Amino acid sequence: MLDTLLTPQWCLMPEMPELEVVQRTLAPRMQGRTIEDVVVSPRLGFLLRTPPQGLPAALRGRRVVQLWRRGKFLVLDADSAHLVINPMLGGRIQWSAAADKVAAATVFRIRLTGDDEFRFTDTARMGRVYLADGDTMGTVPGWAELGPEALDISAEDFAKRIRRHPGELKNLLRNQEFIAGIGNAYSDEILHHAQLLPLRRRSSLNAGDIARLHASVQHVLARAVEAISAQPHYETHKQDRSFMAVHMKGGQDCPRCGHRISELTARGEITNFCRGCQF
């Protein structure tokens, strides 16, 4: 059943750039509005890490204070309650009119004054949703361990922190304790931009390599946010990554050197890189 759900579009896990644009798009639309109702799917309520029947009671009547992002988490603050969403592989945020058709993969719907709805859908059924207050945010799995935001970390802090984390560069970039927000797709893009191979060991990097890797983190993520924001028909629940240089483009020509882009698959995850210009 799961294999039939994982079409190519849904195999792309939302990472920092996608969630950042969702946050920037929806926060102004939601702030200050009141939650009129919450509807939880009877089939998919198990994805909530709080009793499904308790979510409507906990949120109904509260005012949306803000929508914000931390790493690959999206957080909806409703007065003192925090709804923390970890989309994982197939989770998406959908902004809809209350009268719009409800997708079968919808986990919950939050109806706001004005009859707009904030919906969470998940075709892969791997997402996790938590309800916390200000004193329990640290109990959300993975939250307390998050490192600095990938787009905000300074070159000095990056160079200092990277030496604590041995291993291959792709795994290093995806380690949320090192820096928060990067996953499978953007690690490929960052390493391609930095001209470093994904399987290269961190211990082999010199100071210049580390500085270049930090600059690539900043450049790739910032440009991705710009590219997604500029999409003429942008919708929060869809992902268009056609702007990417190598990820999911195995067999195509490298845009930098023309060499064929390589592809490796391990544990169901695809890694793309160029043997012609990454070392």
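All figures in this text were calculated on a predicted structure; none of them were measured in a lab.

**A look at the sheet that holds strand β1 (residues 35-40)**
To summarise the sheet geometry, strands pair through backbone hydrogen bonds and adopt either a parallel or an antiparallel arrangement.
Line of reasoning, step 1. Reading across the sheet, the four strands line up as β1-β6-β7-β5 and stay open at both edges, with antiparallel pairing between neighbours. What marks the edges here is a single partner per strand, and that holds for β1 and β5 (91-97). Neighbouring strand axes in the sheet, compared pairwise and without regard to direction, differ in orientation by 15 degrees on average.
Line of reasoning, step 2. In this structure, strand β6 (residues 106-112) lies alongside strand β7 (residues 116-122), joined through six bridges in antiparallel fashion. Bridged to Thr 106 within β7 is Thr 121.

**Side note on the side chain of Asp 209**
Line of reasoning, step 1. With respect to the helices and strands, Asp 209 occurs in helix α7 (residues 207-229).
Line of reasoning, step 2. Among the polar contacts listed, one links the side chain of Asp 209 to the side chain of Arg 200, at a separation of 3.2 Å.
Line of reasoning, step 3. Excluding residues within four positions of it along the chain, Asp 209 makes contact with Leu 196, Arg 200 and Ser 204.

**A look at the side chain of His 82**
Line of reasoning, step 1. In this structure, His 82 sits in strand β4 (residues 81-86).
Line of reasoning, step 2. What makes His 82 buried here is its relative accessible area of 13%.
Line of reasoning, step 3. Within the structure, His 82 has its side chain in polar contact with the side chain of Asp 77 (distance 2.4 Å).
Line of reasoning, step 4. Not counting residues within four places of it along the chain, the set of residues in contact with His 82 comprises Val 75, Leu 76, Asp 77, Tyr 130, Leu 131, Ala 132, Asp 133, Gly 134 and Met 137.

**A word on the packing of aromatic side chains**
Line of reasoning, step 1. This structure, assessed with the given rule, holds four aromatic pairs.
Line of reasoning, step 2. Consider the rings of Phe 158 and Phe 178, whose centres lie 5.3 Å apart with planes at 55 degrees: the pair is tilted. On the criterion of sequence distance, the pair formed by Phe 158 in helix α4 (residues 155-162) and Phe 178 in the loop between α5 (169-174) and α6 (184-194) is long-range, its members being 20 residues apart. Neither residue differs from the other here; Phe 158 and Phe 178 are each classed as buried.
Line of reasoning, step 3. Among the aromatic side chains, those forming a connected cluster through ring pairs are Trp 68, Phe 73 and Trp 143.

**Observations concerning the nonpolar core**
Line of reasoning, step 1. With 29 residues, the main nonpolar core has Met 30, Leu 59, Phe 108, Ile 110 and Phe 118 as its most contacted residues.
Line of reasoning, step 2. Apart from residues lying up to four places away in sequence, Met 30 is in contact with Val 64, Leu 67, Leu 76, Trp 95, Leu 112 and Phe 118.
Line of reasoning, step 3. By size, the runner-up hydrophobic cluster in this structure holds 28 residues, among which are Leu 169, Ile 182, Ile 210 and Met 244.

Cut-offs applied
- Residues numbered from 1 in each chain as written.
- Predicted model: local features only at pLDDT ≥ 70, side-chain atom pairs only at ≥ 80, totals over all residues.
- Heavy atoms only, no water.
- Pairing = 2+ DSSP bridges.
- Helix = DSSP H or I, 4+ residues; strand = E, 2+ residues; numbered from the N terminus.
- Axes fitted to C-alpha atoms, helices over the stretch in contact; angles between N-to-C directions.
- Polar contact = N/O pair within 3.5 Å; in protein donor to acceptor, adjacent residues only side chain to side chain.
- Contact = heavy atoms within 4.5 Å.
- Buried < 20%, exposed > 50% of the residue type's maximum accessible area, 1.4 Å probe, protein only.
- Phe/Tyr/Trp six-rings, centres within 6.5 Å; stacked < 30°, edge-to-face > 60°.
- Core = buried A, V, L, I, M, F, W, Y, C linked by side-chain atoms within 4.5 Å.

Everything listed is a geometric property; what it means functionally is a separate question.
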